[in-house]
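Reading the structure
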Amino acid sequence: MQASSPSDSGGPVLGRKAYVIVGLLTALVLGLWAFPWLWYSKTERTGTRLWLSERRDLDGWTFREVPVSERAEAILVADRTFSGEYRGSDERTAVNVFSAKRYSEKADEIGLFMHTPDRCWTDGGWSLEPASPEHLELEVNGLRMRFERRLFAARDGHLELTYFGGLVGGQPVPYRLDHNLSVGMKRALRRKAGSAESGVRAADTHFWGRVWQGFLERSPLVGPKQFVRVSTRVVGGDVAAADRVLTDFLGRWLEPSDYAAELKAWHERPPTQG
């Protein structure tokens, strides 16, 4: 009786196949792990990365700090916030400001850009009014940024003009932060119809379109971020005058600061006592 060879039994052949499969799976996992870093590293192409630093003391303006509510703070999970009101020397002009920075981001935390005024202001009782344009590009001390532009009506009837925008990875976002605009409208319609709202975000093609746009632009959706918002009351229905106040104020209030130094200082800060 002739003994079967190892190759006849299939042992070494099956062993080689198993090694090949394991190797391919390992390569796939490593590829998936490395792809985001390689793809989104394109953001380095535009040069220096920056934060926007807030000036507290401005000539002709008086600053009053307005703390962020505990509810908003819990939602944002920001590492640093700057919130308050600047009042002009004429006492009639005021600009409300808000800046939030997140130096690191965890997968289980909601994004810093998710709760824009389109969502949180309307949830708080404000209503959106027709306004054109809905976005504009402004130069803030040499930094070209895209801002969303909204006109809100308060419960008491006064109008507030609002600009908001952001940075991710030390650079202005190349896509619009208007994802909550369409969601808010759909929610309002569904409330009137008495239908459920739980699936609005998942079914919102406009929101996922922004995610896809960010992918094509190779702009990271997660990572160190800064969100900026300014607003001022519209006096006498003169929206153009309110635009002039905000565009002039942004250049006075914000100035570029060193991205790497600020990020390093944050990570090297002493541990919180408690």
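Residues numbered from 1 in each chain as written. Predicted model: local features only at pLDDT ≥ 70, side-chain atom pairs only at ≥ 80, totals over all residues. Heavy atoms only, no water.

1. Considerations on the overall build of the protein chain
Stated formally: By the criteria applied, helices consist of DSSP H or I runs no shorter than four residues and strands consist of E runs no shorter than two, each listed in order from the N terminus. For the exposure calls, accessible area comes from a 1.4 Å probe over protein chains only, and a residue counts as buried if that area is under 20% of its type's maximum, exposed if over 50%, partly exposed in between. In these tables, accessible area is a Shrake-Rupley quantity obtained with a 1.4 Å probe, and a residue counts as shielded only by the protein chains included in the view.
If you tally the helices and strands in the protein chain, you get nine helices and eleven strands. Here the protein chain, with 274 residues, has 38% of them falling under the buried criterion. Within the structure as shown, the protein chain displays about 16000 Å² of accessible surface, and the carbon and sulfur contribution to it stands at 57%.

2. Details of the nonpolar core
Inclusion rule: Here, the term nonpolar core denotes a set of buried Ala, Val, Leu, Ile, Met, Phe, Trp, Tyr and Cys residues that are joined through side-chain atoms within 4.5 Å. Here, two residues are considered to be in contact whenever any of their heavy atoms come within 4.5 Å of each other.
Judged by nonpolar contacts, the single largest core of 28 residues is most densely connected at Tyr86, Tyr163 and Trp253. In terms of residue count, helix 8 (residues 239-253) provides more of this core than any other element does, five residues in total. Ignoring sequence-local partners within four residues, the contact set of Tyr163 consists of Leu136, Leu138, Phe147, Glu148, Arg149, Val228, Arg229, Val230, Asp243, Leu246, Thr247 and Leu250.

3. Structural notes on the confidence of the model for the protein chain
Keep this limit in mind: Each residue gets a pLDDT score, which is the predictor's confidence in that residue and runs from 0 to 100.
Confidence along the protein chain averages 76 in pLDDT terms, with 66% of residues attaining 70 or more. Model confidence for the protein chain, summarised as mean pLDDT per element, is weakest for helix 6 (residues 200-203) at 42 and strongest for helix 8 at 96. Note on residues 32-46: pLDDT is under 50 here. Beyond four places in sequence and across chains, it has 19 contacts. Between residues 184-204, whose pLDDT stays under 50, and residues either more than four places distant or in other chains, the model counts 24 contacts.

4. As for the packing of aromatic side chains
Quick reminder of the rule: Only rings of Phe, Tyr and Trp enter the pairing, Trp through its six-membered ring, and a pair is recorded when the two centres are within 6.5 Å. The plane angle decides the type: under 30 degrees is stacked, over 60 is edge-to-face, the rest tilted. Whether a charge sits over a ring comes down to the Lys NZ or Arg CZ being within 6 Å of the ring centre and within 35 degrees of the ring normal.
Applying the stated criterion across every chain, the model contains 15 aromatic pairs. A cation over a ring is seen here: Lys225 above Phe113, with NZ or CZ 5.7 Å from the ring centre. Cation over ring: Arg269 sits above Trp266, and NZ or CZ is 3.7 Å from the ring centre.

5. A look at helix 8
Put simply, the rule is: How far a helix is expected to stretch is found by multiplying one less than its residue total by 1.5 Å. An arc is given here, and it is the one of the directions from the helix axis to the C-beta atoms.
Its 15 residues give helix 8 an end-to-end C-alpha distance of 21 Å, which sits within 8% of 21 Å, the value for a rise of 1.5 Å per residue. All buried positions along helix 8 are accounted for by Ala242, Asp243, Leu246, Phe249, Leu250 and Trp253. Considered in projection along helix 8, the buried side chains sweep an arc of 140° and stay on one side of the axis.

6. Some words on the pattern of salt bridges
Put simply, the test is: Basic side-chain nitrogens of Lys or Arg form a salt bridge, by our definition, when they fall within 4 Å of a carboxyl oxygen of Asp or Glu.
In the structure shown here, the tally under the stated rule is eleven salt bridges. For the salt bridge of Glu54 with Arg80, the shortest nitrogen-to-oxygen distance reads 3.0 Å. With Glu54 in strand 1 (residues 50-54) and Arg80 in strand 3 (residues 80-88), this residue pair connects regions lying 26 residues apart in the sequence. Overall, the relative accessible area of 10% leaves Glu54 in the buried class. For Arg80, a relative accessible area of 32% corresponds to the partly exposed category. A salt bridge links Arg150 to Asp118, with the shortest nitrogen-to-oxygen separation between them at 2.7 Å. Placement of the pair is Arg150 in strand 7 (residues 143-153) and Asp118 in helix 4 (residues 117-123), with a sequence separation of 32 residues. Asp118 shares its class with Arg150; the two are buried.

7. Digging into the environment of Gly170
Take Gly170: it is sitting in the loop between strand 8 (159-168) and strand 9 (171-172). Exposure remark for Gly170: the relative accessible area of 7% places this residue in the buried category. Gly170 sits 122 residues away from Thr48 along the chain, and the two C-alpha atoms are 8.0 Å apart. Not counting chain neighbours up to four residues away, the residues in contact with Gly170 comprise Thr48, Arg49, Leu50 and Tyr259.

8. A few points about unusual backbone geometry
Here the amide bond leading from Ser132 into Pro133 is cis, since omega sits at 5°, within 30 degrees of zero. Relative to the elements of secondary structure, Pro133 occurs in the loop between strand 5 (127-129) and strand 6 (135-140). Of note in this structure, Asn141 is not a glycine but carries a positive phi near 50°. Tracing the sequence through the fold places Asn141 in the loop between strand 6 and strand 7.

9. Quick notes on the environment of Ser83
Quick note on the threshold: Two N or O atoms count as a polar contact when they lie within 3.5 Å, although within protein this holds only if one can serve as hydrogen donor and the other as acceptor, and sequence-adjacent residues are included solely when both atoms are side-chain atoms.
By the secondary structure assignment, Ser83 is in strand 3. Between the C-alpha atoms of Ser83 and Val68, which are 15 residues apart in sequence, the distance is 6.6 Å. Separated by 2.7 Å, the side chain of Ser83 and the backbone oxygen of Val66 make a polar contact.

10. Remarks on the side chain of Gln226
Examined against the element boundaries, Gln226 turns out to sit in strand 10 (residues 225-233). A polar atom in the side chain of Gln226 sits 2.9 Å from the backbone oxygen of Leu52. Among the polar contacts listed, one links the side chain of Gln226 to the side chain of Ser99, at a separation of 3.0 Å. For Gln226, the residues in contact, after removing those within four places along its chain, are Trp51, Leu52, Glu54, Ser99, Ala100, Lys101, Leu112, Phe113, Gly165, Gly166 and Leu167.

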